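Coordinate analysis (summary)
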Amino acid sequence: MASEMIGALGLGGLLVLMILRVPVALTMLIVGVVGFAQIISWDAAISQLKTVPVEVLSNYSFSAVPMFILMGVLAAHSGMAGKLFQATRVICGGWKGGLAIAAVGSCGVFSAISGSSLATASTMTRVALPEMERYGYQRGLATGALAAGGTLGIMIPPSIALLIYAVLTEQSVGDMFMAGLVPGLMGLVMYSLTVTLVMRLKPSLAVAGEPTSWREKLASMGGLVPFFAVFLLMILGIYFGIFTPTEGASVGAFATLLYALVKGLRGRELWQAVQETLALSTVVFFMLVGADALGYFISVSRISFSISDALFGMELAPIVVVLCILLMYFVLGMFMDAIAMLVITVPVVFPIIQALGIDPVWFGIVTVLTVELGLITPPVGMNVFVIKAMAPHVGLGEIFRGVAPFIVSDFLRLAVLIAFPVLTSLFLL
């Protein structure tokens, strides 16, 4: 049997196993090893089982992943998240829909050190949703704003998704982080404008918060200082070449740990934060091991090159090919986790992007943004289900209806980035 046919059967088997609810990491590992054995040999496949985990776990760039996760966990356990929301609530005091805007802003700032959309959504839901419900916010608007705001964690650097894309495609992690700054800030601004527009169209969804004076607004900014200090320490250090992105993750984690210790995080709570970090990191690394095995199989099957040749034969414009790939990501995002989607598909589509001469950094940003959309679109928007778990009294239908305006906002942001690719290169060195 031709290697391309084995590759196609392998990808089909991948989908079947995922439909059967086999864990994504294990699915990739099974398909990768069995497929590699069918094309090369079982001896080579068994040897690969010994070398792939070592390659992944010893990859220096991936060591930033647990550091980013640790930052987010420590920020949640040390009370930083609660102070962050209180600060943004005071700053937005008196505005119609101000608490929803404060929730979106808090998610954006929190994501700047957590690197994870799911961690951002779960943490800020615990902090902000009770406050919004207390002030009479319609539950759909409140949870929709939190679900959408949580997605900012996948784009605003440091981002685990951007890090994984950079390592998988051998791009500069620093370039990916810098390229994600403008799109991430665009998301923060556009979500806030979306809340404002929704409030104009349906004023009954929320009430104005308690008015606050300018003195109170200025005083409340102290709650933002820890986040901005850690964020600027990492980003400026990376931008000016003081340290690498991986070293920056360690610096940020150490700074967050110092803050947590100063605020009294000790003993059991500190150990719990470490356990959460280890558990989440293990899941990510298991998926990366599976993705590496799958990548070897895809490489020897040459299926990505066959797809590339077929596309060239159709003489499609490069932008049409990109739009087709983004459509695939959008559909997959309705059913799959964001990180799993990236590690499965990037080894397949990236050779096509290279052959077409498309800027890999720009493509990474629009890809991650499309993946981000999948976190809030039905039927399996991961952020929506996280919020549902945090707020079981709110129906899934309510959350999906509340997040719908933010999905429209994301489509507009994606269109702008496709029309103006220069927006992803403004901060590149």
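Before reading on, note that the structure itself is shown above.
**Side note on the overall build of the protein chain**
Secondary structure summary: the protein chain contains 20 helices and zero strands in total. Computed over C-alpha atoms, the radius of gyration of the protein chain comes to 22 Å, within 12% of the 22 Å expected from 2.2 N^0.38 for 429 residues, which places it in the range of a compact globule. Taken along its principal axes, the extent of the C-alpha atoms in the protein chain is 75 × 50 × 45 Å. Looking at the 429 residues of the protein chain, the share that counts as buried comes to 55%. Considering only contacts in the protein chain between residues 6 or more positions apart, those separated by 24 or more positions represent 79%. Surface summary for the protein chain: the accessible area is close to 17800 Å², and the carbon and sulfur share equals 70%. Counting 19 positive and 20 negative side-chain charges, the protein chain places the averaged centre of each group 17 Å from the other.

**As for the packing of helix H6 (residues 98–114) against helix H8 (residues 139–150)**
Contact pair H6 / H8: the axes reach a minimum separation of 8 Å and the direction vectors enclose 20°. One way to sum up the angle between H6 and H8 is to call them roughly parallel. Two packed elements cross with a definite hand, and for H6 against H8 that hand is right-handed. Of H8, the residues touching H6 (which contributes Ala100, Ala103, Val104 and Cys107) are Ala145, Leu146, Gly149 and Gly150. Tallied by class, residues from the contact of H6 with H8 come to six nonpolar, two polar and no charged.

**Comments concerning helix H4 (residues 64–77)**
A rise of 1.5 Å per residue sets the reference length of H4, with its 14 residues, at 20 Å; its end C-alpha atoms lie 20 Å apart and thus fit the reference within 8%. Within H4, 11 of the 14 residues are buried, leaving the element largely enclosed by the surrounding structure. Turning to H4, its buried residues number three or more, namely Ala64, Val65, Pro66, Phe68, Ile69, Leu70, Met71, Gly72, Val73, Leu74 and Ala75. Of the residues flanking the end of H4, it is Gly79, one or two places downstream, whose phi is positive at about 90°.

**So, the pattern of salt bridges**
Scanning the entire structure with this criterion turns up five salt bridges. Arg89 is the salt-bridge partner of Glu131, the closest N and O atoms lying 3.8 Å from each other. Linking Glu131 in helix H7 (residues 117–134) with Arg89 in helix H5 (residues 80–91), this pair joins segments that are 42 residues apart in sequence. The residues Glu131 and Arg89 share a single accessibility class, namely buried. A salt bridge links Arg413 to Glu372; the nearest nitrogen and oxygen atoms lie 2.6 Å apart. One end of the pair, Arg413, is in helix H20 (residues 396–419); the other, Glu372, is in helix H18 (residues 360–374), and 41 residues separate them in sequence. Beyond isolated ion pairs, a larger network of salt bridges with shared partners links Arg89, Glu131 and Arg134.

**Examining the nonpolar core**
Among the nonpolar cores identified, the biggest contains 148 residues, and Phe68, Ile113, Met132, Tyr137, Leu146 and Phe363 are the most heavily contacted of them. The contacts of Phe68, once residues within four sequence positions are left out, are Ile113, Ser114, Pro158, Ile160, Leu163, Phe177, Met234 and Ala249.

**A look at the side chain of Asp410**
Here Asp410 is to be found in helix H20. For Asp410, a relative accessible area of 0% corresponds to the buried category. Not counting residues up to four positions away in its chain, the partners in contact with Asp410 are Tyr191, Leu369, Glu372, Leu373 and Ile376.

**Observations concerning the packing of aromatic side chains**
Taken as a whole and judged by the stated rule, the model has six aromatic pairs. An angle of 85° between the planes, with centres 6.4 Å apart, marks the rings of Tyr165 and Phe350 as edge-to-face. One end of the pair, Tyr165, is in helix H9 (residues 160–169); the other, Phe350, is in helix H17 (residues 338–356), with 185 residues separating them in the sequence. In this structure Tyr165 comes out as buried when scored by relative accessible area, which is 1%. With 5.6 Å between their ring centres and 85° between their planes, Tyr191 and Phe406 make a pair best called edge-to-face. Of this pair, Tyr191 sits in helix H10 (residues 173–201) while Phe406 sits in helix H20, placing them 215 residues apart in sequence. Residue Tyr191 is classed as buried on the basis of its relative accessible area, which comes to 0%. The residue whose ring lies beneath Lys217 is Trp214, and the NZ or CZ to ring-centre distance is 6.0 Å. Looking at Arg413, its charged tip hangs above the ring of Tyr191, at a distance of 5.8 Å from the centre.

How each quantity is defined
- Residues numbered from 1 in each chain as written.
- Predicted model: local features only at pLDDT ≥ 70, side-chain atom pairs only at ≥ 80, totals over all residues.
- Heavy atoms only, no water.
- Helix = DSSP H or I, 4+ residues; strand = E, 2+ residues; numbered from the N terminus.
- Rg over C-alpha atoms; globule rule 2.2 N^0.38 Å.
- Buried < 20%, exposed > 50% of the residue type's maximum accessible area, 1.4 Å probe, protein only.
- Contact = heavy atoms within 4.5 Å.
- Areas by Shrake-Rupley, 256 points an atom, 1.4 Å probe, with all protein chains shown as cover.
- Lys, Arg positive; Asp, Glu negative; His and termini not counted.
- Charge placed at Lys NZ, Arg CZ, Asp CG, Glu CD.
- Axes fitted to C-alpha atoms, helices over the stretch in contact; angles between N-to-C directions.
- Parallel < 35°, antiparallel > 145°, perpendicular 65-115°, else oblique.
- Left-handed = near helix turned anticlockwise from the far one by under 90°.
- Nonpolar A, V, L, I, M, F, W, Y, C, P; charged D, E, K, R; others polar.
- Expected span 1.5 Å × (residues − 1).
- Salt bridge = Lys/Arg side-chain N within 4 Å of Asp/Glu carboxyl O.
- Core = buried A, V, L, I, M, F, W, Y, C linked by side-chain atoms within 4.5 Å.
- Phe/Tyr/Trp six-rings, centres within 6.5 Å; stacked < 30°, edge-to-face > 60°.
- Lys NZ or Arg CZ within 6 Å of the ring centre and 35° of its normal.

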